[in-house]
Amino acid sequence: MRLLPLQWAAIVLIVLDASVVVFTTNGEPALPPWWNFVAVPASAALGVLMLVRSRASLQVGLWTSVRHLRESLPMWALTLAALAFCGGWIIGISTSSARSELGDLNYENGQYTATRKHKPVKVLTEEQYDAAQAADQRTYSAFGLAIAGGVLGFAGVVRRIEETG
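Residues numbered from 1 in each chain as written. Predicted model: local features only at pLDDT ≥ 70, side-chain atom pairs only at ≥ 80, totals over all residues. Heavy atoms only, no water.

**Some points on the overall build of the protein**
Within the protein, the regular secondary structure consists of 5 helices and 3 strands. Its helices and strands taken in sequence order, the protein reads α-α-α-α-β-β-β-α from the N to the C terminus. Principal-axis analysis of the C-alpha atoms gives the protein an extent of 60 × 30 × 25 Å. When each of the 165 residues of the protein is scored for burial, the buried share is 41%. Counted over contacts in the protein with a minimum sequence separation of 6, partners at least 24 positions apart contribute 77%. Element-wise, carbon and sulfur atoms account for 64% of the exposed surface of the protein, whose accessible area totals about 9,600 Å². Taking the average place of the 13 positive charges on the side chains of the protein and the average place of its 12 negative ones, the gap between the two points comes to 12 Å. (Helix = DSSP H or I, 4+ residues; strand = E, 2+ residues; numbered from the N terminus. Buried < 20%, exposed > 50% of the residue type's maximum accessible area, 1.4 Å probe, protein only. Contact = heavy atoms within 4.5 Å. Areas by Shrake-Rupley, 256 points an atom, 1.4 Å probe, with all protein chains shown as cover. Lys, Arg positive; Asp, Glu negative; His and termini not counted. Charge placed at Lys NZ, Arg CZ, Asp CG, Glu CD.)

**Focus on the pattern of salt bridges**
Going through the model one piece at a time under the given rule, you end up with 2 salt bridges. Taking the shortest distance from any N to any O, the salt bridge between E71 and R67 comes out at 3.7 Å. Here the residue E71 and the residue R67 both occupy positions in helix α3 (residues 62–72), the gap between them amounting to 4 residues, near one helical turn. Under the relative-accessibility criterion, E71 is labelled partly exposed at 31%. For R67, a relative accessible area of 38% puts it in the partly exposed group. A salt bridge links R160 to E71; the shortest N-O distance between them is 2.8 Å. On the criterion of sequence distance, the pair formed by R160 in helix α5 (residues 126–164) and E71 in helix α3 is long-range, its members being 89 residues apart. Connected through shared salt-bridge partners, R67, E71 and R160 make up one network. (Salt bridge = Lys/Arg side-chain N within 4 Å of Asp/Glu carboxyl O.)

This is the structure:
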């Protein structure tokens, strides 16, 4: 079964997001801070594009969707979609809950601080600040990974519904 260009784009985002998740575990951000504002919207844009381009009615049952999923994707892509979707949600939720203690990160007057509701909470060292930024990147990339995994799988379901519809 050939993959759609949309599914290949989702695979590229999965690989990129998974790389960021892996490379930020050492406490250093893997990419510039602007990546936090790209990871999730890029994956969400693929999902919106998939839904806009679909001409099929998406009202099918759970077991029909699972059958369509198995029929539309090769086993490696199905495994990748499942790992990305489930792993992204697990990593994203666990990282965001651990990271939420600090609040917003700031760098002003040569000092790294974490603020909550515009009040300084804590002065951070550069290592703590980098670790917090890496956790932010890991969180956003993990959620982008989950969305891209969902797009990879769901695009196959949409294609099968259109073909049988």
